[in-house]
Every structure is written in C-alpha cells, then in structure tokens.
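# Descriptive structure summary
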Amino acid sequence: MNSSISERIVSIRSSLPTSVKLIAVSKQVPAQAIRSAYSAGIRDFAESRIQEAASKQAELQDLPDITWHFIGHLQSNKAKKAIEQFPWIHSVDNLKLAQRLDQLAQQLGVSPQVCLQVKILPDPNKSGWSVPELLADLPTLDQYKNLQIQGLMTIPPSGLNDPEILNVFNLNRELAKKIQEQNWSHIKMQHLSMGMSGDYELAVQAGATMVRLGTILFGDRS
Ligand SMILES: *Cc1c(COP(=O)(O)O)cnc(C)c1O
C-alpha cells in the first residue's frame, strides 16, 4: 500500500456512516504508527495481547484520550490485567470468563464495557458461545452487575462468500434484537462489534456499530 495511514483513515472514515465507530486494530503495529492514526483522528485502538499492549500503552501515555479495546482470546490468568488496561473487552467468550471478570471488576471498583462473542455458525477455530449456549447463559450473565454488557461480537468462519458473510452479520443483528426484546434488567444490546478489513462493508450493511480494522489501515502484519 502506498498511501499513508492518515490517507487511508480519511478515506475509510468518509465511507462509513457517522454512527459506526472505527476501531483501529493495532496488534503487531508499532507505537509510532498508532501515533499517526491518532493524528488522523482515531481515538479507539484494539489489541489482542495483554503483554504487547502494555508496552505500547506505556509508550503512549501522553495520549490520554485513547480508548483501548481488547479483542483477543482472554485467559483467566490475564483477566485482571485486561480489566486494568482495557475499558472495553469485545471478546468475552464464555460464562466462566464473564464470571471472573465480574468478580475482578467488583474488587477493582470498575465496570468494564463488554461484548459477548458469539459463533453464529459452528467454527472449531474460534472461541465464543454458540447461539443456544448463549441464550441459555443469559439469566446468569444478567446477574453480573459489574459488567456493562453492551452487545455482541462475531467473526464469520473463514471461507464464506459475500452473501454468506452478510447472512452471518444479519443473523447476529437479529440475535441481538431478540435478546434485547427479552428485557433483561442489566444486559444491553446496543452494539454490534463486527467487520474486519475484508468484510467491514458487509458488516456495516448489516448494522455494525463498531468495525475493527487492522490491515486496511496499517498494512500487512507479516
Ligand atoms: C486481527 C483482528 C482484527 C483486524 O483484522 P484485519 O483483517 O487486519 O482488519 C479484527 N478483529 C479481531 C478479533 C482480530 O483478531
């Protein structure tokens, strides 16, 4: 890619509805490139590894209005660090992790915003709730009052064509609507975190409120 990070950001931003939050996925990207994206107006950055994120966050402490999002698979032993470093966690992918995060959030006196990661189609390569599992776990999740459950995150299985990907995103939106209509006391379904570099246009078409873009902004991670 020859264009600069800021040119790419300006062009993608202008193609997105203003209601869609553009989250720059900065995993494997040096702090300097994050600064470039910041200069181009990005304030939301996502990382998928706690350790890697920690060093960049330390390096970027002079940019205090960044909102950090965690999007990787989170092991229980890293849960505390995740809550301390990330106000948003998109990848809460099982009940046990949610329970642990809720306990830690209470101890630390914080209330992280989270998305529940769901597998709309079966996918052995990804973590996340299946749809029936998620529906069954909602009554328990609704009791985790220290988590602000904001919506659903999904990643389509690889190898699908565009209509199939669009269908996954549409089903995710419909699932969120169905959950919202169950009127839980605590769970909210305001957000759909879906869409990566290869499929974000389909995700936006299906109603994404947050897209997570890495390669298309920063180039290949090699
Ligand atoms: C890496 C990653 C992204 C960004 O992927 P690109 O294809 O580089 O845009 C988005 N979401 C998750 C969960 C990721 O792990």
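Here the structure is a predicted model, which is why all the values come from computation and not from measurement.

The rules behind each value
Residues numbered from 1 in each chain as written. Predicted model: local features only at pLDDT ≥ 70, side-chain atom pairs only at ≥ 80, totals over all residues. Heavy atoms only, no water. Buried < 20%, exposed > 50% of the residue type's maximum accessible area, 1.4 Å probe, protein only. Helix = DSSP H or I, 4+ residues; strand = E, 2+ residues; numbered from the N terminus. Pairing = 2+ DSSP bridges. Right-handed = clockwise from strand over helix to strand, strands pointing away. pLDDT = per-residue confidence, 0-100. Near = heavy atom within 4 Å. Polar contact = N/O pair within 3.5 Å; in protein donor to acceptor, adjacent residues only side chain to side chain. Areas by Shrake-Rupley, 256 points an atom, 1.4 Å probe, with all protein chains shown as cover. Nonpolar A, V, L, I, M, F, W, Y, C, P; charged D, E, K, R; others polar. Phe/Tyr/Trp six-rings, centres within 6.5 Å; stacked < 30°, edge-to-face > 60°. Lys NZ or Arg CZ within 6 Å of the ring centre and 35° of its normal.

## Things to note about the pairing of strand β7 (residues 148-153)
Within a regular strand, the side chains alternate between the two sheet faces. For β7, the buried fraction is high: five of the six residues fall into the buried class. The sheet contact formed by strand β5 (residues 113-119) and β7 spans five bridges and is parallel. Considered in β7, the bridge of Q117 is made with M153. Taken together, the three bridges between β7 and strand β8 (residues 191-193) define a ladder with parallel strand orientation. When the sheet's bridge partners are listed, L152 is paired in β8 with L192. Regarding the hand of the β-α-β motif, the stretch spanning β7, helix α7 (residues 162-180) and β8 is right-handed.

## Quick notes on the confidence of the model for the chain
Chain-level statistics for the chain give a pLDDT mean of 97 and a share of 99% at 70 or above. Highest mean pLDDT in the chain belongs to β8 (99); lowest belongs to helix α1 (residues 5-15) (96).

## Quick word on the site of the ligand
Around the ligand, a shell composed of V25, K27, I71, I155, M196, S197, R212, L213, G214, T215 and R221 is seen. Between an oxygen atom of the ligand and a main-chain N or O atom of G214, the distance comes to 2.8 Å. Taking T215, its side chain carries an N or O atom lying 2.5 Å from an oxygen atom of the ligand. Relative to its free-state accessible area of 390 Å², the ligand is covered by the protein chains to the extent of 88%. Looking at side-chain class alone, the shell around the ligand contains five nonpolar, three polar and three charged residues.

## Comments concerning the packing of aromatic side chains
Counted under the stated rule, the structure contains two aromatic pairs. Measuring from ring centre to ring centre gives 6.0 Å for F45 and W68, while their planes differ by 40°; the resulting arrangement is tilted. In this pair, F45 is assigned in strand β2 (residues 44-47) and W68 in strand β3 (residues 67-70), connecting sequence segments 23 residues apart. Looking at F45, the relative accessible area reads 0%, which means it is buried. One residue, R43, lies across the ring of Y38, its end atom 3.5 Å from the ring centre.

## Remarks on unusual backbone geometry
Unusually for a residue other than glycine, Q28 sits at a positive phi of about 60°. Mapped onto the secondary structure, Q28 falls in the loop between β1 (21-25) and α2 (31-39). We note that N183 has phi near 50°; this positive angle belongs to a residue other than glycine. In this fold, N183 is placed in the loop between α7 and β8.

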